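# Commentary on secondary and tertiary structure
The lines below spell out each chain.
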Amino acid sequence: MEIIIAETTEEMSRLAADIVERQLLRKPNSVLGLATGSTPMGLYKELVRRHQQQGLDFSKVISFNLDEYLDLSPTHPQSYRYFMDQQLFNHVNIDPRNTHVPYGHVAEVEEYCAWYEEEIKRVGGIDLQVLGIGADGHIAFNEPGSSLGSRTRLKTLTQQTIEDNSRFFDDPDQVPRFAITMGVGTILETREILLLANGAKKADVVAQALEGPITAQITASALQMHRHVTVIVDSAAGSKLKRADYYRWVHQEKKRLIPRLIGRVT
Ligand code: F6R
């Protein structure tokens, strides 16, 4: 696991965009796993900028989003499909037919979740997965107690997640209680992971997930078992990391000696 402590959220987003760009240059038909929420918004903005100003090409990219609220239609302004269209898909040359966000209005949830998993396999698996982390340590909507081997399925959100996400809704009672989410096991099967976190509110959970024990109580801690994870945090989110000086030193040394390997050696 490589941990990069960026000075600012903007730097975090730029470094993250470098990793996504490098992936697309290496493999133009990459399969990207994408997250919603506040954290990756700067990354998506930077990718849109690179597409518009530098021609970063998404024409062959296939994407799978982590999660979607149950019972929100794709046109609902708080649905994750709507978010992805607004933040990224509408502004780059990705083929909309190649974008997958779980469908919240589905009748047969179990069959649908099995199909979502099969689709990921059918296209060869996810090459690069972008993740945020919830204040309770979740990745996707794998709330505390989720099996570390879990697959795409329906999850009930915790009170904390409902409260955290109520900032996007006019009325907190409108926040859905259920979501379809990729499982921790699904995420661990991706080839490479890019975990982002910003802001002081994430500092405690970032430290627990990266430096604490692996536990289903903080599902992000399962990333410690993955072979290729790059974590990029801003200085506020990284402020509780015990080995922050070491991570900073490693990054400086890489930048100085082997910049092409940032995000590559694990
Ligand atoms: C979103 C997702 C969630 C968020 C997490 C952090 O698709 O899977 O795990 O990444 O809740 O949300 P923000 O970025 O809004 O703090």
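How each quantity is defined
- Residues numbered from 1 in each chain as written.
- Predicted model: local features only at pLDDT ≥ 70, side-chain atom pairs only at ≥ 80, totals over all residues.
- Heavy atoms only, no water.
- Helix = DSSP H or I, 4+ residues; strand = E, 2+ residues; numbered from the N terminus.
- Rg over C-alpha atoms; globule rule 2.2 N^0.38 Å.
- Contact = heavy atoms within 4.5 Å.
- Areas by Shrake-Rupley, 256 points an atom, 1.4 Å probe, with all protein chains shown as cover.
- Lys, Arg positive; Asp, Glu negative; His and termini not counted.
- Charge placed at Lys NZ, Arg CZ, Asp CG, Glu CD.
- Near = heavy atom within 4 Å.
- Polar contact = N/O pair within 3.5 Å; in protein donor to acceptor, adjacent residues only side chain to side chain.
- Nonpolar A, V, L, I, M, F, W, Y, C, P; charged D, E, K, R; others polar.
- Buried < 20%, exposed > 50% of the residue type's maximum accessible area, 1.4 Å probe, protein only.
- Salt bridge = Lys/Arg side-chain N within 4 Å of Asp/Glu carboxyl O.
- Pairing = 2+ DSSP bridges.
- Axes fitted to C-alpha atoms, helices over the stretch in contact; angles between N-to-C directions.

### Re the overall build of the protein
Scanning the protein from N- to C-terminus turns up eight helices and ten strands. Taken over C-alpha atoms, the radius of gyration comes to 17 Å for the protein, in line with the 18 Å a tight globule of 266 residues would show. Its C-alpha atoms give the protein principal-axis dimensions of roughly 55 × 40 × 35 Å. Within the protein, contacts between residues separated by at least 24 positions form 79% of all contacts whose residues are at least 6 apart in sequence. A total of about 12100 Å² of accessible surface is found on the protein, and carbon and sulfur atoms cover 51% of it. Counting 30 positive and 34 negative side-chain charges, the protein places the averaged centre of each group 8 Å from the other.

### A few points about the site of the ligand
Taken together, 14 residues are adjacent to the ligand, and T39, D67, H138, A140 and K202 come closest. In this structure, an oxygen atom belonging to the ligand sits 2.9 Å away from a main-chain N or O atom of S38. Within the backbone of A140, a nitrogen or oxygen atom sits 2.7 Å from an oxygen atom of the ligand. Within the complex, the protein chains bury 94% of what would otherwise be the 410 Å² of accessible surface of the ligand. For the shell around the ligand, the class distribution of residues is four nonpolar, seven polar and three charged.

### Some details on unusual backbone geometry
Phi at D71 takes a positive value of approximately 70°, unusual for a residue other than glycine. The backbone of A140 sits at a positive phi, close to 50°, despite the residue not being glycine. Structurally, A140 is set in the loop between β6 (128-131) and β7 (153-156). When its relative accessible area of 8% is taken as the criterion, A140 is described as buried.

### What about the pattern of salt bridges?
Under the definition given, this model contains 16 salt bridges. Residue R49 is joined to E46 by a salt bridge in which the shortest nitrogen-to-oxygen separation is 2.9 Å. Here R49 pairs with E46, and both are found in helix α2 (residues 41-54), just three residues apart, close to one helical turn. Looking at R49, the relative accessible area reads 30%, which means it is partly exposed. With a shortest N-O distance of 3.2 Å, D85 and R81 are connected by a salt bridge. Separated by four residues within a single helix, D85 and R81 lie in helix α3 (residues 80-87), roughly one turn from each other. Assessed through its relative accessible area of 17%, R81 is described here as buried. Taken together, the shared-partner salt bridges connect D18, E21, E46, R49 and R50 into one network.

### Focus: the sheet that holds β7
The strand order across the open sheet built from three strands is β4-β8-β7, with neighbouring strands paired in antiparallel fashion. Two strands close off the open sheet at either side, each with one partner strand: β4 (67-69) and β7. Across the sheet, the mean angle from the axis of one strand to that of its neighbour is 30°, orientation sign disregarded.

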